[in-house]
Amino acid sequence: MENSWVVIRTFNRKEMEVGSFLKEKGLTYFIPMTYQEKLVGDEMKPRRILVPVIHNYVFLQKRCTDNTLREMLNECRVPLQLLRNKMDNKVSEISDKEMTDFRLLCDPDYAKTPVEFMDADEADAKPGKEVEVLHGQFAGVHGKLYKNGRQYWLIKTVGSLSVMLRISRWYCKVVDGNANR
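Residues numbered from 1 in each chain as written. Predicted model: local features only at pLDDT ≥ 70, side-chain atom pairs only at ≥ 80, totals over all residues. Heavy atoms only, no water.

Undergrad: Summarise unusual backbone geometry; cite the residues concerned and give the values.
TA: Residue Arg-13 is not a glycine yet carries a positive backbone phi of 55°. With respect to the element layout, Arg-13 can be found in the loop between strand 1 (4–10) and helix 1 (15–24). Residue Arg-13 is classed as exposed on the basis of its relative accessible area of 58%. (Helix = DSSP H or I, 4+ residues; strand = E, 2+ residues; numbered from the N terminus. Buried < 20%, exposed > 50% of the residue type's maximum accessible area, 1.4 Å probe, protein only.)

Undergrad: Requested: an account of the side chain of Lys-62, with residues and values cited.
TA: By the element assignment, Lys-62 lies in strand 5 (residues 57–62). Among the residues examined, Lys-62 registers a relative accessible area of 11% and is labelled buried. Here Asp-66 takes part through its side chain, which lies 2.4 Å from a polar atom of the side chain of Lys-62. Here the side chain of Lys-62 touches Glu-93 through a polar contact of 2.6 Å, side chain to side chain. For Lys-62, the contacting residues outside a window of four places in its chain are Asn-3, Ser-4, Trp-5, Val-6, Leu-69 and Glu-93. (Polar contact = N/O pair within 3.5 Å; in protein donor to acceptor, adjacent residues only side chain to side chain. Contact = heavy atoms within 4.5 Å.)

Undergrad: Tell me about the nonpolar core, and name the residues and values.
TA: Grouped together as the largest cluster of nonpolar side chains are 24 residues, with contacts concentrated most on Phe-59, Met-99 and Phe-102. When contributions to this core are tallied by element, the ones reaching two or more residues are strand 1, strand 5, helix 3 (96–105), strand 9 (129–133), strand 11 (151–158) and strand 12 (161–166). In this structure, Phe-21, Ile-31, Leu-69 and Val-91 belong to the second largest nonpolar core, which totals 16 residues. (Core = buried A, V, L, I, M, F, W, Y, C linked by side-chain atoms within 4.5 Å.)

Undergrad: Summarise the pairing of strand 11; cite the residues concerned and give the values.
TA: Taking burial as the measure, the eight residues of strand 11 include six buried ones, the bulk of the element. The pairing of strand 10 (residues 142–148) with strand 11 spans five bridges and is classified as antiparallel. Pairing of Leu-145 across the sheet is with Leu-154, part of strand 11. From the end of strand 10 to the start of strand 11, which pair antiparallel, there are two residues, and Gly-149 there has a positive phi angle of about 70°. The pairing of strand 11 with strand 12 spans six bridges and is classified as antiparallel. Opposite Leu-154, over in strand 12, you have Leu-165 as the bridge partner. The turn linking strand 11 back onto strand 12 is made up of two residues, and Gly-159 within it adopts a positive phi angle of 65°. (Pairing = 2+ DSSP bridges.)

Okay, here's the thing in structure tokens:
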């Protein structure tokens, strides 16, 4: 049985506290992180530290029923909710393959190309074709190829968050010729 993932939304920048709670429970979770230069304590020189890319979202690997998951999450002291589909109000689930691709694209140590994060609605508004990456570190990843000026970007959306990174169009193959949006 393939594991799926769910998206937890919390409030007031409490994603790291939710992550600590999930870690205590022995659960697998993912918080997209990036490096930022920040002053820490009384230091005069900024340090490069990991910070959440987008606040209030935690991805959780689901290994139980929705009811069991809700009961377990109710034990968390931080207010949170599971994201739901707008159509049927069921808990939104993300396949393990989609999350693996998304986590790969969000790797903060991959610094060879600019990476941008945005919400899914903003990413959906960008025109592009559905592609599969054929070569390089991201081979096998599916996403949308978006052209901005002379640059090409791969956009991957999972839940309500999208990651966009520069890629060579020659590394991609269109998977659906009618996917112009």
